Every structure is written in structure tokens, then in C-alpha cells.
Amino acid sequence: MKKLIFSILSMALIVGCTKKQEKSEFGLDINDTIRVNFLTEPPSLDWSKSTDTTSSFVEINIMDGLAEFDFTKPNLSVKPALAESWEPSNGSKTWTFKLRQGVKWTDGVELEASHFVDGWERLLRPTTASEYGYYLFGVKNARKYNEGKLKDFSKVGVRAEDKYTLVVDLDTPRSYFPLMLTHHASYPIRKDVIAKHGEDTWADEGKIVTLGAYKLKKWEHDRIIHLERNEDYYGEKAKIKNVLVYMILEQSTAVGLVDTGKLDFQLEVPKSDIRVLRNREDYVNIHNLGIYYYGFNTKKAPYNDSRVRRAIAMAIDRKEIATVIGGGEKPTGNIIPPGLIGHDEEIGTKFDPAAAKALLAEAGYTDMTNFPKLTLNFNTNENHQLVAENVQAQLKRNLGVSLELKNEEWKVYLKTLRTNNFGIYRMGWVSDYPDPADFMSLMLSYSENNRSKWVNKKYDSLVEKAAAELDSDKRIEAYTQAQKILLEKDAPIVPLYVYSSNVLVSKRVKNFPINEMRQFPLKGASLVK
């Protein structure tokens, strides 16, 4: 009932501002305001701690990194952002970044190289407990500092050589290192701002200071965020003055608002309606560098038995799921998506109910009436519900196993994952940077994004070896071995399909940034007035 009332109020508030009035929320000029729906509340805009794509959407519009993706060119190349240039040396183990001079935070303070050092120190600081701490483990001594084995951060391989020069020393070569520096985990911070407002509240409305093309103007939690153009931005100014970010969870409600001209962008559309929606002029579909998967709590029975995990994986027909959701998703048993080296469709479990039953028998479950009820946790979403119900039906049909479904609001769901209070969980991974290292590092034993708590030192060793390897063939070989351990031998996760974006973009919006990375920097978009 609360969701229904919320949806009706959201629609009423938007519909209440008519085109005749030429005004939107907060009295904004509709001809200079883009209205987007990202479904849920961002859990945090603290870029050292956030982990989700909703928070990331806001962060990439209010902040910049040393580099940014150039979505106007093929192959997802990067170009300078806060850095005006960079130079590798020492066999790509040392990287020197020259910062742009005169770049100002939104409170007028000039950006300095020390702000990056501060940001990386905070990300790696054990007390920050960032789930992205591992992201910078390639930096010399970063892991030791994060694990508390090294107390002196000056011994970590990042330093401000002068006000505008940042030098990074890596443990091993990383030819793709600049790709990583587009991500919010590598952003600079202002320690003085955090000290003034507090660790938990500095990123709130009226307190946060940023460097991006937009700045946070207003945040009405669980309803709307207003981003306003940063007139002092160092680069080309955003073409649209205002961005309104709505949090309307019910996709059908949001589609109705697009239909009536009250929304310009809808992040997801109901998969149950996809066959009708794909005929619309405002419908856009693109495959993403991203994997939708289920994972197991490997510390809890019966999921702590790899034979049970493999049996469940082999009882799921991925092609059936793709047919049911019908949004162009590509079934896959790989953790590395197509388009990146190391992707190999021969790797991974195959649909084989007979072999799955044999594995369960081997694990001691010959009488399925004694098999424990399984639970699947997922965040509330119409499309996740559709997938979960299909998997539930498949496991019942193919194994005689009962699967209980539990859905929770996004922030509550993340807390459930952090407290390890689940059996099977739903998660997706959309590329932070277009390299297989991004996907393979997800399941490292020391990765905070490894929700399964699975540990395999051989896997860790192979992934670390591949990340440091400059020879492509040798990298692929290491990733192949690692994937076979992950997906065929131990199976702590079950990849289901490659993400496919099915979105609606109003025809009054030009140059909306639809891309494989599922990133939406809006500074280059414009409106037909």
C-alpha cells in the first residue's frame, strides 16, 4: 500500500506541472531540465564507500576522476579529465600524472595532487571499511595498509610530487591502469570537509563539495535529487542546466510518465512488456559489459558443499531465462562478458539435470524430500522477480527442490548481504573498466564484493598473475584456468546472462550517453527546445 501511495504521489507531483506552465519540480524551466528515473534511492554519495550503480550515476555527474571514458569513440578509450596528461615508466609500474591547473572545487578551493593522496588513503584506511579497498591493491603496499599490516601511509605507492604532479608506483605492471582511474573509488577527496561535517554526513546536501559538471542542489530522500549545472566547471559546460533524478521503483508507473511527457529517461522497462515496448521510437537496446548472476553463501549449509552448488547451477537452463525476460539478454556461463579477452563460452556449467541429480546423490541427497528448503534473496525489482520465479520453477521441475523467494528494498538488501544473512543472492556486475581484471578480481578471497565468502588461493594466484601479465595470450591462459576453478570446480556463483539495457529516451533529448558501460554522464546531452 505504501508503494502504491508513493507511486501515485510521485506521478501527481510530476503531472501537476504542465507543459503550458513550462515549469518542472522546484519551479525549474522545463526547457532546460532533463528528468530521469533511476528507480531507487542512492545508498550513499560518499564515493569512497558506495558500491552501486545508482550512487555511481549521481557521482559521475558531480565528480570527475583523473581520466574519463570517451563514449564518442569506439573501443571505450579514455581521455584526460582532472589529469591533463600521464606517462608510464619502469615497464608500466610507475605512472606520473600531471593535473590541470586552476581546477576548483565547488567551494572555490583549488584541486591539488594531495587531494588524490588523501582520497586513496581514506579508501584504503581499514576503519573506512570500503568495499572497494581492494580496487587499489595493485598500488605498492596498498593491500598491507588496508589490512593493517602497514601503519605508515607514506610507504604506499602514491605521492604528490608537487602541487600538480601525482606519482603512482605499482607492485606489478598494469598497462590498463589509466582505465581504472575513471572510477569513483579513485576520486580525490577533501579531508577538511569530512573533518568539518563528519564521516557519515559530509556527502549530504549543503555539505558536499565536488568537481564535476553538475553539483548537488537538493536531495529529498527516497523521492528526488536535483543536480544543477556547475558554472565554474573546468571543462566544457553542461548543455542542460538541471537534472532531476527520480526514484520511482514501479517501472510501469515510470513508463506511464514517459508516455505523458513527464519523464525523459527510464532506466529499466518491465520485461513482461518488452515485446510491445521494443516497437516504440523512444526504445533503445544495447548489450552491456555486465553479468547478471546468482551467488551462494559458502559458509552456510547446504551451500557450503560445492557439489550442491554445482548441481543447482546445472539445473538452471539459462536459455529459458533469456526467453522469459525477452530483453535481448545473452545466456552465459562466463564471468567475463563478450567483448573482453578471456571470454570463452566453453567454460562454465552446462544445463544437465541428470548430472545435477547425480551430484546431489553424491552429496548424500538421494531422497529429495529431506533436502533443505533453499532461499533466494534479491532486491525489489519487477525484472528480478521475473528471473527469480523462473529459477524457482526450474529447480522444482528439474530437481524437486523448493526455493523460497525473499525480496527487499535496495538499501535493506545491501545490509542483508553485509551481515551474511542469506543463502543464495542475486547480484550483477557492470564493468568499472573494460578489462577482464575487473570481473575476475570480483571473486578474489580478499575482495569485499565477493559476497559468497568463497576462498581459493589458487584462483587468487592465477588472477593476480594475469593482471600483471603484459602478454595477451598468457593472460588468457591464466584467466581460463581461473574461470574453470571458479565456475566448474567450486561454483560459488552462477552467471546467468549478459546484461542488456532496455531503456526509454525521450525524443526531445539529444546525445543521451547510451553505452556498454551503463554509465550516464549527462554533460554532453542536450534538449530540443
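The structure contained in this document is the topic of the report that follows. (Residues numbered from 1 in each chain as written. Predicted model: local features only at pLDDT ≥ 70, side-chain atom pairs only at ≥ 80, totals over all residues. Heavy atoms only, no water.)

### Overview of the overall build of the protein chain
A tally of helices and strands in the protein chain yields 16 helices and 19 strands. Here the protein chain has a C-alpha radius of gyration of 23 Å; the compact-globule value for 529 residues is 24 Å, and the two agree. Seen through its C-alpha atoms, the protein chain measures out along the principal axes to roughly 70 × 60 × 40 Å. Here the protein chain holds 529 residues, and 58% of them are scored as buried. If you take every contact in the protein chain between residues at least 6 apart in sequence, the share linking residues at least 24 apart comes to 69%. Here the protein chain holds 74 positive side-chain charges and 71 negative ones, and the gap between their average locations is 1 Å. (Helix = DSSP H or I, 4+ residues; strand = E, 2+ residues; numbered from the N terminus. Rg over C-alpha atoms; globule rule 2.2 N^0.38 Å. Buried < 20%, exposed > 50% of the residue type's maximum accessible area, 1.4 Å probe, protein only. Contact = heavy atoms within 4.5 Å. Lys, Arg positive; Asp, Glu negative; His and termini not counted. Charge placed at Lys NZ, Arg CZ, Asp CG, Glu CD.)

### Observations concerning the packing of aromatic side chains
This model, assessed by the stated rule, comprises 30 aromatic pairs. Consider the rings of tyrosine 233 and tyrosine 234, whose centres lie 4.6 Å apart with planes at 50°: the pair is tilted. You can call tyrosine 233 buried: its relative accessible area is 5%. Pairing phenylalanine 265 with phenylalanine 520 gives two aromatic rings, centres 5.3 Å apart and planes at 55°, and the pair type is tilted. Taken together, the residues span a long stretch of sequence, with phenylalanine 265 in strand 11 (residues 265–266) and phenylalanine 520 in the loop between strand 18 (509–510) and strand 19 (526–527) at a distance of 255 residues. Residue class for phenylalanine 265 comes out buried when judged on its relative accessible area of 0%. When its relative accessible area of 4% is taken as the criterion, phenylalanine 520 is described as buried. Ring-pair connections join several aromatic residues into one group, and the members of that group are Tyr132, Tyr134, Tyr135, Tyr176, Trp429 and Tyr433. (Phe/Tyr/Trp six-rings, centres within 6.5 Å; stacked < 30°, edge-to-face > 60°.)

### Description of the packing of helix 9 (residues 306–314) against helix 16 (residues 472–490)
Contact geometry of helix 9 with helix 16 gives a least axis separation of 8 Å together with a crossing angle of 90°. Classed by the angle they form, the pair helix 9 and helix 16 counts as roughly perpendicular. Every residue of helix 16 that contacts helix 9 at Ser306, Arg309 and Arg310 is listed here: Glu488, Lys489 and Asp490. Its residues placed into classes, the contact of helix 9 with helix 16 shows no nonpolar, 1 polar and 5 charged. (Axes fitted to C-alpha atoms, helices over the stretch in contact; angles between N-to-C directions. Parallel < 35°, antiparallel > 145°, perpendicular 65-115°, else oblique. Nonpolar A, V, L, I, M, F, W, Y, C, P; charged D, E, K, R; others polar.)

Any functional reading would require information beyond the geometric quantities listed.
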